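# A look at the structure
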Amino acid sequence: MSKAQPGMSMERADIAFEVNGAAVSVCVPPVRRLSSVLRDELRLTGTKIGCDAGDCGACTVLVDGEPVCACLMSVASAAGTVVTTVEGLANGRLSALQASFLDHGAAQCGICTPGLLIAATALLDREPNPSETEVQDALGGVLCRCTGYRKIVAAVMDAGRFASELSTDGIAPHPPAGTFSPYSDGEKDEAPALASPSPRLSRGEGKGEGQHQLQRLDLDLDRRMPISGHAVGSSPIRLDGLPKVTGGEKFGGDSFPADALAVLVVRSPHHHARFAFGDLDAWVKTRPGIVGVFTAADIPGKNSFGVIAPFADQPALAEGFSRFRGEAVALVAGEREAILDLDLSDFPVRWTELPYLLQPCEAQAGGAQLIHENRPANLLTTGFVERGDPEAALSGAAFVVSGAIDTSYVEHAYIEPEAGHAYMDGGTLVVVACTQAPYMDRDDVAKVLGLAADKVRIVPTATGGGFGSKLDVSLQPLIGLVAMKTGWPAALAYTRNESMISTTKRHPAEMKATIGADADGRVTGMVFAGDFNTGAYASWGPTVANRVPVHASGPYATPNYRAEGRAIHTNGPISGAFRGFGVPQATIMQETLYDELSEKLGLDRLDFRLKNCLRNGSETVTGQRLEAGVGIAECLEALRPHWTRALADAEKFNSANDSRKRGVGVASCWYGCGNTSLPNPSTIRVGISATGDVVLHQGAVDIGQGSNTVIAQICADALGLPLEKFRLKSADTAITPDAGKTSASRQTFVTGKAAEKAGGALREIMLRFANVSEKAAIALDGTSLVIREGEATRHIDLSTLKADADGFVFRAEESYDPPTLPLDAKGQGKPYAVYGYGAQIAELEVDLKLGTVKLIKITAAHDVGKAINPLLAEGQIEGGIAQGIGMALMEEYIPGRTENLHDYLIPTIGDVPPIETILIEVPDPEGPFGAKGLGEHVLIPTAPAILNAIRHATGVLVTKIPATPSRIRAAIRDKEAGR
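Just so we're clear, the structure is a prediction, and the values are computed from it rather than from any experiment. (Residues numbered from 1 in each chain as written. Predicted model: local features only at pLDDT ≥ 70, side-chain atom pairs only at ≥ 80, totals over all residues. Heavy atoms only, no water.)

## Comments concerning the overall build of the protein chain
Secondary structure assignment for the protein chain yields 23 helices and 35 strands. The C-alpha radius of gyration computed for the protein chain amounts to 28 Å, which stays within 12% of the reference 30 Å derived for 979 residues, consistent with globular compactness. Taking the principal axes of the C-alpha coordinates as reference, the protein chain spans close to 85 × 75 × 55 Å. Accessible surface for the protein chain amounts to roughly 32,700 Å². Of this, 50% is attributable to carbon and sulfur atoms. In the protein chain, which carries 91 positive and 115 negative side-chain charges, the distance between the mean positions of the two groups comes to 3 Å. (Helix = DSSP H or I, 4+ residues; strand = E, 2+ residues; numbered from the N terminus. Rg over C-alpha atoms; globule rule 2.2 N^0.38 Å. Areas by Shrake-Rupley, 256 points an atom, 1.4 Å probe, with all protein chains shown as cover. Lys, Arg positive; Asp, Glu negative; His and termini not counted. Charge placed at Lys NZ, Arg CZ, Asp CG, Glu CD.)

## Considering the nonpolar core
If you look at soluble globular proteins, the nonpolar side chains tend to sit buried side by side. If you look at the biggest cluster of nonpolar residues, it comprises 156 residues, and the most contacted ones within it are F101, L139, V156, F528 and I946. Ranked by residue count, the leading element in this core is helix α18 (residues 632–656), at nine residues. Filtering out sequence-adjacent residues up to four positions away, F528 remains in contact with M511, K512, A513, V548, A552, R562, A563, E564, A586 and M589. Ranked by size, the runner-up nonpolar core spans 49 residues in total, among them V686, L728, A754 and F810. (Core = buried A, V, L, I, M, F, W, Y, C linked by side-chain atoms within 4.5 Å. Buried < 20%, exposed > 50% of the residue type's maximum accessible area, 1.4 Å probe, protein only. Contact = heavy atoms within 4.5 Å.)

## Regarding the sheet that holds strand β10 (residues 290–294)
Overall, mixed pairing links the seven strands, which are arranged β10-β12-β8-β20-β17-β18-β19 in an open sheet. Strands at the two margins of the open sheet, each flanked by one partner only, are β10 and β19 (456–460). Strand after strand, the sheet turns through a mean of 25° between neighbouring axes, direction not considered. Pairing analysis gives four bridges linking β10 to strand β12 (residues 328–334), with the strands arranged antiparallel. Following the sheet pairing, G292 is matched in β12 by A333. Sheet contacts for helix α12 (residues 438–449): β18 (428–433) and β19; angle to β19, the most-contacted strand, approximately 145°. Seen against the sheet, helix α13 (residues 476–486) touches β8 (261–267), β10, β12, β17 (419–425), β18 and β20 (490–493) and runs at an angle of roughly 35° to β17. (Pairing = 2+ DSSP bridges. Axes fitted to C-alpha atoms, helices over the stretch in contact; angles between N-to-C directions.)

## Examining the pattern of salt bridges
According to the stated counting rule, one finds 50 salt bridges in the structure shown. Across the pair R811 and D804 runs a salt bridge whose closest N-O atoms are separated by 2.7 Å. A cluster of three or more residues bridged by salt bridges with shared partners is formed by R12, R32, D40, E41, R336 and E337. (Salt bridge = Lys/Arg side-chain N within 4 Å of Asp/Glu carboxyl O.)

## Here we look at the sheet that holds strand β30 (residues 784–789)
Spatial strand order, β29-β30-β31: three strands in an open sheet with antiparallel pairing. For this open sheet the edge positions go to β29 (777–781) and β31 (792–797), each flanked by a neighbour on one side alone. Pairwise comparison of adjacent strand axes, ignoring direction, gives a mean angle of 20° for this sheet. Two strands pair when backbone bridges link them, and β29 and β30 are joined in this way by five bridges, in the antiparallel orientation. Bridge pairing links A777 to R788 in β30. Across the sheet, helix α20 (residues 747–770) lies against β29, β30 and β31, angled at about 105° from β31, the strand it touches most.

## Overview of the packing of helix α17 (residues 605–612) against α18
At a minimum axis distance of 10 Å, the contact between α17 and α18 shows a crossing angle of 170°. In terms of orientation, α17 lies roughly antiparallel with respect to α18. Contacts from R605, L606, D607, R609 and L610 in α17 reach A633, L636, E637, R640, W643 and L647 in α18. Along the lines of polarity and charge, the residues of the contact of α17 with α18 split into six nonpolar, no polar and five charged. (Parallel < 35°, antiparallel > 145°, perpendicular 65-115°, else oblique. Nonpolar A, V, L, I, M, F, W, Y, C, P; charged D, E, K, R; others polar.)

## Some points on the environment of P584
Structurally, P584 can be placed in helix α16 (residues 583–601). In this view, P584 contacts R506, R579, M887, L939 and I940; residues no more than four positions away in its chain are not counted.

## Focus on unusual backbone geometry
Apart from glycine, the bulk of residues carry a negative phi angle, and the bulk of peptide bonds sit in the trans form. For the bond from I961 to P962, the omega torsion is 15°, close enough to zero to count as cis. Following the sequence through the fold, P962 ends up in the loop between α22 (942–954) and α23 (965–976). Even without a glycine there, the phi angle at S539 is positive, about 45°. Topologically, S539 is positioned in the loop between β23 (523–535) and α15 (541–551). Look at R579: it is not a glycine, yet its phi comes out positive at around 35°. Relative to the helices and strands, R579 resides in the loop between β24 (560–569) and α16. A residue is classified by how much of its surface remains accessible, and R579, at 7% relative accessible area, is buried.

## Describing the pairing of β8
The buried fraction of β8 is high, at six of seven residues. Strand direction decides the pairing type here: β8 and β20, joined by two bridges, are parallel. Bridged to L261 within β20 is A490. Examined bridge by bridge, β8 and β12 share six bridges and lie antiparallel to one another. Among the inter-strand pairings, V266 is bridged to a residue of β12, identified as A330.

## Points about the packing of α16 against α17
One can describe the packing of α16 onto α17 by two numbers: an axis separation of 9 Å at closest approach and a directional angle of 105°. Between α16 and α17, the interaxial angle falls into the category roughly perpendicular. In this structure, α16 uses E591, Y594, D595, L597, S598 and L601 to contact α17, whose residues at the interface are R605, F608 and R609. Across the contact of α16 with α17, the residue classes break down as four nonpolar, one polar and four charged.

## Concerning the side chain of D924
Among the secondary structure elements, D924 is positioned in the loop between β35 (915–920) and α22. Look at D924: it is buried, it has no salt bridge, and the nearest opposite charge is K932 at 5.2 Å. Those residues in contact with D924 that lie beyond four places of it in its chain are A628, G629, A833, V834, G930 and K932.

## Here we look at the packing of aromatic side chains
As enumerated under the stated definition, the model contains 13 aromatic pairs in all. Taken together, a centroid distance of 5.7 Å and an interplanar angle of 70° make the contact between F749 and Y816 edge-to-face. With F749 in helix α20 and Y816 in strand β32 (residues 808–816), this residue pair connects regions lying 67 residues apart in the sequence. Note on Y832 and Y835: the rings are 5.5 Å apart at their centroids and 85° apart in plane angle, and the pair reads as edge-to-face. By relative accessible area, Y835 is classed as buried at 2%. One aromatic cluster is present, formed by F275, F277, W283, F347 and W351 through successive ring pairs. When the ring centre of Y494 is taken as origin, the NZ or CZ atom of R267, which lies over that ring, is 4.9 Å away. (Phe/Tyr/Trp six-rings, centres within 6.5 Å; stacked < 30°, edge-to-face > 60°. Lys NZ or Arg CZ within 6 Å of the ring centre and 35° of its normal.)

## Topic: the pairing of β17
Of all seven residues making up β17, five are buried, and the element is well covered by its neighbours. By the bridge criterion, four bridges tie β17 to β20 in an arrangement that is antiparallel. Residue pairing across strands places A419 opposite A493, the latter belonging to β20. As paired strands, β17 and β18 are joined by six bridges and run antiparallel to one another. Directly across from D425, in β18, lies its bridge partner T428. Two successive antiparallel strands, β17 and β18, enclose a turn made up of two residues, where G426 displays a positive phi of approximately 65°.

Given below as structure tokens:
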């Protein structure tokens with residue numbers, strides 16, 4: 001169809017100002033946001049949009065040297081000013097601050113990094129050597145959801161040293177001409193080098209922040225090889241780090257085609273409603289620049305998607321009635337300017353609000369209306385594990401404790417709202433968007449739009465945080481529908497509000513449990529039951545229901561056990577995957593009861609956990625015998641000196657204070673890496689090109705956790721070649737093999753194992769070709785493969801060898817699927833091949849009159865099997881702890897009330913205390929180089945450790961989470977009143 005003519009838009013004006021040292025003039029409506037002008041008119045997409053309300057700070061720029069939120073400033077107000085964006089910080093070479101961010105690993109997903117760099121630059125301009133308090137004050141308006149802020153603080157405070165060293169050297173590192181990013185504009189014909197020029201820095205192998213000594217490499221700025229000569233166990237600067245600090249990284253909303261139609265989504269304002277459309281064609285005709293409206297009637301395929309095929313139940317566009325507030329019912333597509341000016345208040349849709357159910361108890365009540373007709377009693381599914389005779393064990397126990405705890409919806413609150421664009425490439429639909437699961441996206445988009453899977457190509461952009469929610473498709477089928485129907489590219493970026501109302505949340509849980517122990521302090525039995533509010537559609541509800549009963553015992557020997565997890569439908573927000581799949585909620589129940597039980601036993605809380613923890617040779621509640629790699633005892637033992645010191649500090653403080661009391665809490669975790677008793681494969685392809693490059697097809701989406709770097713490190717050591725030789729072809733369903741979804745703490749373990757196998761296989765192929773033994777050393781020198789064995793050296797000219805269709809002269813492709821066994825009717829079996837373990841101590845103060853909590857320190861010991869990249873592992877731990885702090889103390893998503901980042905509170909830079917990380921390495925023989933997953937484990941113990949610390953300080957346990965000041969104060973009043 002022909003493109004519509006642009007409609008009448010708001011009056012424009014010529015506005016001139018200076019940006020990054022260049023004079024610019026734009027002709028735009030004067031009231032347009034400066035952030036939009038920078039991104040859309042000047043293509044300076046390093047300035048990010050996270051909220052358009054001044055809440056997240058991602059759009060921070062300097063205006064006449066002062067940091068401002070560009071989303072709150074009209075472009076007219078910028079007239080005549082000097083504006084600096086993140087692209088202007090380097091001026092052709094990295095600033096000391098940018099180099100320090102790279103060195104400290106202060107950028108993870110990178111979406112907030114530009115705002116942080118700008119705010120920190122303003123601070124350093126006036127105070128070159130700031131204190132931690134000054135850094136926190138200066139950066140307090142910029143939110144980060146990944147890092148936990150600690151490495152950001154360290155990077156800013158260390159920038160002065162960096163400036164001195166770079167100045168002394170006389171060398172400032174330049175970004176390369178084609179700044180490395182594994183993500184591009186959708187075309188992946190060339191593989192960018194991993195060894196992009198960067199600060200000439202490497203890291204030693206010391207543990208703990210501040211122990212990574214700055215070390216100089218030689219003057220070859222391309223060199224990435226760690227000092228040790230081995231990639232695994234070192235912390236080279238993350239391979240995708242450079243574009244994160246220069247503003248060159250392209251996220252979902254950063255590369256919209258100039259001719260793309262803009263798309264708006266019409267959403268239900270009601271929890272449950274019937275709706276009908278009026279005359280849509282007439283409405284479109286009266287609005288210049290609007291191309292069309294699309295509804296469920298326009299969907300050519302099966303209007304149903306879901307991450308677990310047997311439970312798939314969510315329509316891309318609702319048909320006739322909506323089941324939750326925020327559900328999509330129609331799309332409006334048009335010229336960008338027309339969409340910007342569009343008022344949807346008169347969109348022709350009539351709503352009839354219907355009765356709704358928001359709580360599982362309401363949905364389970366007799367006679368309750370069914371949300372899905374094929375799911376009686378609104379029960380989605382149940383998970384179950386039973387071992388031994390728990391009732392008999394509890395009745396015979398010397399000590400028994402029981403309790404109940406409720407948790408709330410938790411919003412993922414990644415700083416990047418969902419964004420992407422779609423276009424037709426011949427007969428193939430190409431979707432370029434942020435995602436955690438490209439192959440799952442492809443299959444769902446193909447089903448909804450009636451296409452063969454090979455006619456849909458998913459090209460992930462950089463993803464600005466995900467934590468589980470970006471596993472589910474969101475806008476992918478919507479922009480795909482518009483692109484298919486119009487023939488034009490279609491682009492959509494969710495507002496913060498629609499991101500929060502329409503995407504998944506952590507499941508609220510209503511849990512009860514009883515645990516018994518004998519007189520010696522050995523746990524004898526446990527019973528657990530949890531109802532998990534899965535909302536209007538299934539999403540990951542089945543996974544939560546099945547994973548929770550396996551893990552609800554914690555990493556402890558529990559010979560008699562029964563646990564049931566139920567996923568229940570309501571008309572609430574859809575609950576999906578969020579860093580732990582229900583295990584964080586269950587761990588709160590179990591670990592708080594462990595504190596109560598140890599108190600009854602008269603045992604030290606840490607000693608009680610050590611007495612009962614799993615060890616090599618133990619059997620889990622599913623009957624799985626853990627032969628090796630069980631590191632929970634090592635984690636707890638590593639905490640002992642910190643525990644002793646913290647308790648002494650608390651006792652001293654409490655003896656001198658009446659209105660404030662200090663508490664110390666401990667909690668443990670375990671977590672199975674990968675899918676529960678289901679196939680979970682990853683495939684990696686690696687080859688040597690005729691030009692002497694190692695090309696790694698790495699399809700695991702890096703959402704900030706570092707898989708681009710870690711998987712390359714594993715492959716490099718397995719192959720026996722340095723990282724500097726590697727080039728990356730990253731996730732793209734047309735190019736890279738399926739490395740599975742980025743979830744369930746599986747990428748380092750599962751995809752890493754595939755990379756280890758592929759690297760080893762490629763090495764074997766080359767050695768066999770050269771007719772040498774496995775002891776031979778290999779190297780690449782230009783187009784020459786150099787093989788040394790003993791005194792002999794052989795050179796093979798790669799350019800003379802025949803290359804295959806991918807340009808490889810040697811290649812290997814390997815898959816890995818963890819060995820698991822199904823669970824039987826009683827939940828007995830081998831659900832996971834590898835488990836990770838961890839334990840944390842929380843130290844805090846509680847104001848007894850106000851109920852407020854001040855965190856003092858968190859000490860975290862986590863068994864990672866083998867720290868492939870210690871710095872990235874520390875970053876994951878700190879970031880997970882920050883999210884655990886939010887879950888424990890402040891985060892509570894309430895539909896209709898907390899649908900933005902002003903009313904929904906996440907931890908800021910001032911809310912995260914010092915974190916001491918202890919990396920424990922108890923290798924698992926199944927993992928690559930012994931490594932285990934880590935990403936989800938690190939959040940699990942934080943909330944229960946904090947709740948146990950509050951109980952230690954006050955004598956009360958808050959049983960509705962989060963433990964807000966009002967709830968803490970109410971619990972204290974109830975205790976004082978004897979209730």
